[in-house]
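# Remarks on the overall topology
As a plain string of letters, each chain reads:
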Amino acid sequence: MNVGVAHSEVNPNTRVMNSRGMWLTYALGVGLLHIVLLSIPFFSVPVAWTLTNIIHNLGMYVFLHAVKGTPFETPDQGKARLLTHWEQLDYGVQFTSSRKFFTISPIILHIYRFNMLTLNKTLGVLCRLPKWQLRGFFRSFTFHTGKQFLHKLVLGIETSCDDTAAAVVDETGKILGEAIHSQTEVHLKTGGIIPSVAQQLHRENIEQIVKETLSASGVTPNELSAIATTVKPGLALSLGVGLEYSSQLVNQYKKPFIPIHHMEAHALTIRITNKVDFPFLVLLVSGGHCLLAIVQGISDFLLLGKSLDIAPGDMLDKVARRLSLIKHPAYSTMSGGKAIEHLAKQGNRLHFNFQHPLHSCRNCDFSFSGLQSTVDKIIAQKEKDEGIEKGQILSCAADIAAAVQHTVASHIAKRTHRAILFCQQRGFLTPSNAILVVSGGVASNLYIRRTLEIVTKATNCILLCPPLNLCTDNGIMIAWNGIERLRAGLGILHNTEGVRYEPKCPLGIDISKQVGEAAIKIPSLKL
Ligand code: KG4
Ligand code: ZN
């Protein structure tokens, strides 16, 4: 290609496009191409960089080796007329500062690309850009002691009850690694959670669980953006272990600390797997809690109702224990609630009829202790009738399990029905996008989920439940809560000084009085 012109004639190209315009156009073109490549689904960041680099190199090759003359720079082509640009560089002509920069830019891109690929391989950090989140990509670009991570990383630590759990989660909700040590089997043997035993088991396991989590994640403590730990509510002795261990890590690695409310974490878990915007209604049912709340923001909750006594999981655990299900090989290692769910499949719920708790109270509060003592009495009576000792399994155990499960499910569903109607009446939920999120250990019960589905269908709501492993206590939900708070800049501390665990801690602003005053009558549904 020879684009030179005769001596002393003005190069026509200069009139069309001056040299700066040419370079700017080229740079913008490459930049645009790079953005387009980044936004293509299935292309990871390194792939996009590599392609941009190759295309840029080809462009440079053509420009340096195929184009002769100096089309955009000088009217006098002189001896450069028959030389390629590469040859002109050899002669020391045309060595402008912009030319120098663009000549070395492929080298810079190579170094950058190599760096990214090495990071990916060695640290296992997949620098995958969610296609539709370019802005998030640029915002989350953080540097750590010379290494680059595309997303913020939070280590979550959970020890509020009987699970020692940890996880590392990134800003996109990607779980880089997790580990959990469950104490269920030990507590089943001792007939319930003994706080000092739980504390001892947390102490024995926490270091190993955090180490396993970090090594599974391929992340060192230095590379974390923050450490998030459950500090409320829960068993005092258990919470203490998590806080103490986290304090050590925070002080040793000088990381920000994010104290987490266990129920807030349960409520926000759904946002890892589903795109759920605020506000939404949440029902949290576990071994320690039972509540209905409107989630207006990350730490902005309106409490509609809660259990006046024990939680449904606790009640199911007690019934399972009273039925001696631990002696049944099929259920001996399951939590009480799970054992009841499995046993109930073989039973007929119509053989027993338990009264529904708080039947005449038109609010969203719950109660389970009355039901529990009724069931206790029935079991004692049946043991007498069947002439068996306390501790042996009744022939009607499956029927009792089915009836108890149905009563719990109906009670929860009715209170939730009223909460949905209240929210719809007061405009707390948008009619076009009314979402009910159900989480907590008891939410893993499929019979209870199906009963709730009847309610959501009748009220034009969408029912969302996290996957089973995220319903029960885990470290992922704590790490994710940390990410949510980190992104929003909420409750991030520079150290753990002055942080205390709180065994009891309400969630949000209590508006249950207003709910009671509204006294909404719920239409009857066949549950
Ligand atoms: O959320 P979680 O792991 O811990 C607390 O924060 O309490 O919930 C544990 C509770 C236990 O009481 C257990 O019996 C109950 O959840 N649970 C179930 C099921 N799986 C666990 N309850 C009913 N059906 C299940 N499938
Ligand atoms: Zn929980």
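Residues numbered from 1 in each chain as written. Chains lettered and ligands numbered in written order. Predicted model: local features only at pLDDT ≥ 70, side-chain atom pairs only at ≥ 80, totals over all residues. Heavy atoms only, no water.

## Structural notes on the overall build of the chain
For the chain, the helix and strand inventory stands at 19 helices and 13 strands. In the chain, which comprises 527 residues, the proportion classed as buried is 51%. For the chain, the share of sequence-separated contacts (at least 6 apart) that also reach a separation of at least 24 residues comes to 72%. (Helix = DSSP H or I, 4+ residues; strand = E, 2+ residues; numbered from the N terminus. Buried < 20%, exposed > 50% of the residue type's maximum accessible area, 1.4 Å probe, protein only. Contact = heavy atoms within 4.5 Å.)

## Details of the coordination of the zinc ion (ligand 2)
On the protein side, the zinc ion (ligand 2) has His262 (NE2), His266 (NE2) and Asp473 (OD) as donor atoms, found 2.1 to 2.2 Å from it. Considering all 4 donor atoms around the zinc ion (ligand 2), the spread of angles at the metal, 92 to 156 degrees, places the coordination shape in the irregular class. Ordering the donors of the zinc ion (ligand 2) by residue number gives the pattern H-x3-H-x206-D. Of this pair, His262 sits in helix α10 (residues 262-268) while Asp473 sits in the loop between α17 (468-471) and α18 (475-488); the two residues are 211 residues apart in sequence, bridging distant segments of the chain. (Donors = N, O, S within 2.8 Å, 3.2 Å for Na, K, Ca; no water. Tetrahedral: all angles 85-135°; square planar, octahedral: opposite > 155°, others 65-115°.)

## Structural notes on the pairing of strand β5 (residues 175-182)
Judged from the 7 bridges that link them, strand β4 (residues 163-170) and β5 form a sheet pairing that is antiparallel. Bridge pairing in β5 links Val168 to Gly177. (Pairing = 2+ DSSP bridges.)

## Examining the packing of aromatic side chains
Counted under the stated rule, the structure contains 4 aromatic pairs. Each ring, one from Phe278 and one from Phe280, has its centre 5.9 Å from the other, and the planes form 15 degrees; the classification is stacked. You can call Phe278 partly exposed: its relative accessible area is 27%. With relative accessibility at 0%, the residue Phe280 sits in the buried group. (Phe/Tyr/Trp six-rings, centres within 6.5 Å; stacked < 30°, edge-to-face > 60°.)

## Digging into the confidence of the model for the chain
Looking at the chain as a whole, its pLDDT mean stands at 86, while 81% of the residues score no less than 70. Here residues 12-17 is modelled with pLDDT under 50, and outside its nearest four sequence neighbours on either side it reaches 9 contacts, counting other chains as well. Counting contacts from residues 124-149, a segment whose pLDDT is below 50, to residues more than four positions away or on other chains yields 55 contacts. (pLDDT = per-residue confidence, 0-100.)

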